[in-house]
Amino acid sequence: METSHKEIETCKQALLCDPEDIIACNRLGNLYLKIGLYDLAIESLERAIKIDSNDSRAYINLSHLNCELGLYNKAIDYLQQAIEINSNDISAYSNLGSI
């Protein structure tokens, strides 16, 4: 758990330096998901989409989060959006098949 908190702080610092660092937004969202801070995870991942609405990773990450919350239809919607953005993203198809 300690590592996650250090990684969270690192991502926050990266976002202070570059508020549009989409990699840091995605990573921060995944870290929050990992420790169960779902509202913060959603906020970070939605921020990534606002920065770049064509980043399929953010949609895939939001799908994971919604699965964790039991919101499977919403998770499927996010995966379908990811596939529309990047039809070559194998992980989106794989995740869709596992829901």
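Refer to the preceding data block for the structure.
Because the structure is a prediction, the values reported are computed rather than measured.

Thresholds applied
Residues numbered from 1 in each chain as written. Predicted model: local features only at pLDDT ≥ 70, side-chain atom pairs only at ≥ 80, totals over all residues. Heavy atoms only, no water. Helix = DSSP H or I, 4+ residues; strand = E, 2+ residues; numbered from the N terminus. Expected span 1.5 Å × (residues − 1). Buried < 20%, exposed > 50% of the residue type's maximum accessible area, 1.4 Å probe, protein only. Arc of directions from axis to C-beta. Contact = heavy atoms within 4.5 Å. Phe/Tyr/Trp six-rings, centres within 6.5 Å; stacked < 30°, edge-to-face > 60°. Core = buried A, V, L, I, M, F, W, Y, C linked by side-chain atoms within 4.5 Å. Salt bridge = Lys/Arg side-chain N within 4 Å of Asp/Glu carboxyl O.

### Things to note about helix α3 (residues 38-51)
- Its 14 residues place the ends of α3 20 Å apart at the C-alpha level, agreeing with the 20 Å of an ideal helix rising 1.5 Å per residue.
- Listing the buried residues of α3 in full gives A41, S44, L45, A48 and I49. The arc enclosing the buried residues of α3, seen along the axis, measures out at 145 degrees, which places them on a common side. α3 presents D39, E43 and K50 as exposed residues on the side facing more than 90 degrees away from its buried surface.
- At its buried positions, α3 is contacted by α2 (22-34) and α4 (56-68).

### Details of the packing of aromatic side chains
- In total, this model carries one aromatic pair according to the counting rule given.
- On the basis of an interplanar angle of 40 degrees and a centroid distance of 6.4 Å, the ring pair of Y59 and Y78 is categorised as tilted. Here Y78 lies in helix α5 (residues 72-85) and Y59 lies in helix α4, a separation of 19 residues in the sequence.
- Residue Y59 is classed as buried on the basis of its relative accessible area of 8%.

### Side note on the nonpolar core
- Counting 25 residues, the largest nonpolar core has I8, L28 and A92 as its most contacted members.
- If you tally residues by element for this core, the top one is α2, at seven residues.
- The residues contacting A92, other than those within four sequence positions of it, are I60, L79, A82 and I83.

### Considerations on α5
- With 14 residues, α5 extends 20 Å from end C-alpha to end C-alpha; this agrees with the ideal 20 Å at 1.5 Å per step.
- Listing the buried residues of α5 in full gives A75, Y78, L79, A82 and I83. For α5, the angular spread of buried residues about the axis comes to 140 degrees, placing them on one side. Every exposed residue of α5 that faces more than 90 degrees away from the buried side is listed here: N73 and E84.
- Buried positions along α5 lie against α3, α4 and α6 (90-98).

### Structural notes on the pattern of salt bridges
- Tallied over the entire structure, the rule returns three salt bridges.
- A salt bridge links R27 to E7; the nearest nitrogen and oxygen atoms lie 2.4 Å apart. Highlighted residues: R27 in helix α2 and E7 in helix α1 (residues 2-17), separated in sequence by 20 residues.
- R27 sits in the partly exposed class, given a relative accessible area of 37%.
- Among the salt bridges present, the one from E9 reaches K12, with a minimum N-O distance of 3.7 Å. Of this pair, E9 and K12 both sit in helix α1, three residues apart, which is roughly one turn of the helix.
- E9 gets classed as partly exposed once you look at its relative accessible area, which sits at 41%.
- Exposure remark for K12: the relative accessible area of 34% places this residue in the partly exposed category.

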